[in-house]
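Breakdown of the fold
Take a look at the letters that make up each chain.
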Amino acid sequence: MEKTITAEEAEKTEVGSLFGKLESSKTGLSTSEADRRLSRFGFNEISENKSSPLVRFLSYFWGPIPWMIEVAAILSLLVRHWVDFIIIVVLLIFNAVVGFWQEYQAGNAVEALKKKLALKSRVLRDETWREIDARELVPGDVIRIRLGDIVPADAKLFEGDYLSVDQSALTGESLPVTKEMGEIVYSGSAAKQGEMVGLVTATGSNTYFGKTAKLVASAKSVSHFQKAVLQIGDYLIYLSLGLVAILILVQLFRGTPMLELIQFALILTVASIPVAMPAVLSVTMAVGAVVLSKLQAIVSRLESIEEMAGMDILCSDKTGTLTQNELTLGESIVFKAKDAGDLILAAALASKAEDRDAIDLAVLAGLQDQEVLKPYQQLKFLPFDPVGKRTEASIKNRDGQTFKVTKGAPQVIIGLSQLDQEDKAKAEEVITNFASKGYRTLGVARAEKDGLWEFLGILPLYDPPREDSAETITQAKAHGIEVKMVTGDNLAIGREISAKLGLGKTIYAADRLLKTGDQGGGLAADAAEQMEKADGFAQVFPEHKYGIVKALQARGHIVGMTGDGVNDAPALKQADMGVAVSGATDAARAAADLVLTAPGLSVIINAVEEARRIFERMNSYAIYRITETIRIMIFVVLAMIAFNFYPITAIMIILLAFLNDVPIMTIAYDRTWLEPKPVRWNMHRVIAVSTVMGLTGVVGSFLMLYLAIDWLHLSIPEVQTYIFLKMAVAGHLTLFVSRSKNFFLKKPHPAPIMIWSAIGTKLLGTGLAAYGFGLITPISWRAIGLIWCYSITWAFLTDWAKVMVYRHFDMETRGHQAFLNRVKRFITPHPAHEVKDYFRTNPHG
């Protein structure tokens, strides 16, 4: 085969002719032929327009900040400051290398995560069904598409009854479209119901999706993380530009040479504006995302780490997350079946082993001898779907007789069957008894040629709680996360399992709280408050999950929701933290922020802990960066205005940027305090803490300047070196002070890489101050010793000021919470008019 088939051509061509054109058959391709076609047509993926590494590197020399550095370099040339020129050019190249390397690191981390989230596909190769990466599909492959799959390539359907697909991402149609034999399904659409086999007609950029990729482009909203970065950036830019403007005006009146002043102002501005902040924070998240992947939790977008750190409610699926998802059959209850073996056989005939469905596998495992299936042929199979809640199969026995079997939710199977009142009451009693013991139940029925369903009996299934679930739930509560169980089982099972897990027995039926027919959007009276107080929800359909998430979000919570099915996708997208559990469908994984590759709730809790550590690293970097800008900018500008000389030279500012950037790059690996409660960006607190620390540093720098001039009697060039070393040593100490809300000598201590990078750069700065190396004026070891002792002492004072600010905010928070608790206690027993009168006479509470 040497050419591809267009979507229009595949639509018009009969299936038989299409097999001929694609040189394939219903038994699929051989592995060798598939490999040959893969080399001919390429991988089944849409190629991205990636810039070359050289172009990406050169881009770091283009933009507002590089332009400012380049202008400063040109000005150095004009005034013939050759050393300044060389160092500024080195700074420019250094910034480009650091930025490129950080982007490269983050890019590699994201690419690695993407590979772990790669779609899989069931394909017929060498006449055997196997699972491969969807990117390895080629035209002519035979694939099986079932409920929950993302269609991996354009395919012509030729076997099966029907397939309902959601192709809204491609066509904008809001309702699923039913596809039958002979029709085309397009790559990128999601299978909502049914199961069919198709012939791959096009892959990669030749698919309908590939040719209309612009249709699926969507605008992304700005995350809390991006807003925080913009707020911090704006604050520092406005502060820096304002101070630089004041400096220029004052110095111009004093007759300072224009070129020299502009060069200094440009370098001071570049050093103060947080150019690298977005890159440093992105790398911090990317490195954290790699750590999360080792904990069996893969983030689909880096910004979701922040949402995970702030999550305070987790709505968790029962099956597979709170329970072991290892279903075993209990003692069967026979109605019309001959015996228990006959009942299990009928249920097994209504199952399909290759679909790897947990219930189907449990039923098949319940057969005493697998050989009993051999006399039967499955002619047609309708898989389980969340709406119909049953499977159905048409069977032909050895004698050529045909009949149908079905299994599914007992209430659904009872509704299909012709049961008298006595048998119906008995069946409901059996279901209730099993439910009270925590058992799920399956109804099984059979229909002969007349089409009337006969109720054969009930199969109990037990899925025991995971051994670690109760302990993990306790751990979650200690972390400030309230776990609410979500299950499709009835209330009795939900309450039994919830009690065993230590969640409590306040379990509500979802349909009682949420109005039906509104995708879970409509709420019954007082439903939101009941949801907030509930320990869990039973009899939940996928559409109810969406309503539960919205209701809890409306109450001000950051909500996590777990899911595994295609119909869970809306709830996973709506949740602040959508979690696709281990074994989830492709559609659920595509909609989720976090994809688990191992079962259990403990994976989520471990991920939350790591997310909070990542958040703390970002928070401490933001505080450090604002503090340094305030400390350097305000001191330099005020010192120049007060003393009419540069307290630090342009070269020294550039050297400071070098010395500070190295330890900063290690912050992504720092050990951090684990916050016991959910965390969110609190810009008021970040800026308040930074401002207090920065102003404390400014006072410390002026006292140092006083000692240099009036006590040590240093010359101006020596004073500049003196201030340079003070800025370098104190700057690194500020990094250690800012990384903790407590006193910085307390645990957790900084990571070794962070300590050694700081020590190395401090020693380099000290050596530079002692010997000059032709760049700066050297100073005595006596002055250097004073700087070190003074900076360390002042770091403890800055640390004390920081802790006082945090304690002030903590007291404010506790006072606010106490007030809310008083209001809540007052409101509960009092009618509305009394509450209004209370606040009218007590406006301050």
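Anyway, here's the lowdown on the structure attached to this text. Fair warning: this is a prediction, and the values are worked out from it, not measured in the lab.

Scanning the protein chain for helices and strands turns up 31 helices and 22 strands. Across the 845 residues that make up the protein chain, the buried fraction comes to 52%. For the protein chain, the share of sequence-separated contacts (at least 6 apart) that also reach a separation of at least 24 residues comes to 71%. When the accessible surface of the protein chain is split by element, carbon and sulfur atoms take 58% of a total near 37,800 Å².

Let us look at the sheet that holds strand β18 (residues 507–509). Strands sit in the order β8-β22-β21-β20-β9-β17-β19-β18 across an open sheet of 8 strands; the sheet is mixed. At either end of the open sheet lies a strand with only one pairing partner, and these are β8 (297–299) and β18. Sheet twist, expressed as the average angle between the axes of neighbouring strands with direction ignored, equals 20°.

Counting 130 residues, the largest nonpolar core has Phe264, Leu268, Met308, Leu594, Tyr722 and Phe724 as its most contacted members. Residues contacting Tyr722, with those up to four places away along its chain left out, are Met704, Leu707, Ala708, Leu712, Leu714, Ile779, Ala783, Leu786 and Ile787. Among the nonpolar cores identified, the runner-up in size contains 30 residues, and Ile313, Ala527, Val549 and Ala569 belong to it.

With respect to the helices and strands, the residue Leu452 is situated in the loop between β15 (440–447) and β16 (453–462). Residue contacts for Leu452: discarding those within four places in its chain leaves Gln418, Arg446 and Ala447.

Below, the discussion takes up the pattern of salt bridges. Taken as a whole and judged by the stated rule, the model has 28 salt bridges. Note that Arg125 is salt-bridged to Asp141, the shortest N-O span being 2.7 Å. Of this pair, Arg125 sits in strand β1 (residues 120–125) while Asp141 sits in the loop between β2 (128–133) and β3 (142–146), placing them 16 residues apart in sequence. Judged on exposure class, the residue Arg125 and its partner Asp141 are both buried. Each of the salt bridges in this network shares a partner with another, and the network as a whole consists of Glu33, Arg36 and Arg37.

Moving on: the side chain of Thr441. Looking at the element boundaries, Thr441 is found in strand β15. For Thr441, a relative accessible area of 13% puts it in the buried group. With residues up to four places along the chain from it excluded, the contact list for Thr441 reads Gly408, Pro410, Ile431, Phe434, Ile458, Leu459 and Pro460.

With an omega dihedral of 0°, the bond running from Lys747 to Pro748 counts as a cis peptide bond. A positive phi angle, near 65°, is found at Glu127, a position not held by glycine. As for its placement among the helices and strands, Glu127 is situated in the loop between β1 and β2. Since its relative accessible area comes to 61%, Glu127 is described here as exposed. Here the phi dihedral of Phe773 falls at roughly 55°; this positive angle occurs in a residue that is not glycine. Relative to the helices and strands, Phe773 resides in the loop between α29 (752–771) and α30 (781–827).

Rules of the game
Residues numbered from 1 in each chain as written. Predicted model: local features only at pLDDT ≥ 70, side-chain atom pairs only at ≥ 80, totals over all residues. Heavy atoms only, no water. Helix = DSSP H or I, 4+ residues; strand = E, 2+ residues; numbered from the N terminus. Buried < 20%, exposed > 50% of the residue type's maximum accessible area, 1.4 Å probe, protein only. Contact = heavy atoms within 4.5 Å. Areas by Shrake-Rupley, 256 points an atom, 1.4 Å probe, with all protein chains shown as cover. Pairing = 2+ DSSP bridges. Axes fitted to C-alpha atoms, helices over the stretch in contact; angles between N-to-C directions. Core = buried A, V, L, I, M, F, W, Y, C linked by side-chain atoms within 4.5 Å. Salt bridge = Lys/Arg side-chain N within 4 Å of Asp/Glu carboxyl O.

Taken by themselves, the reported measurements are silent on function.
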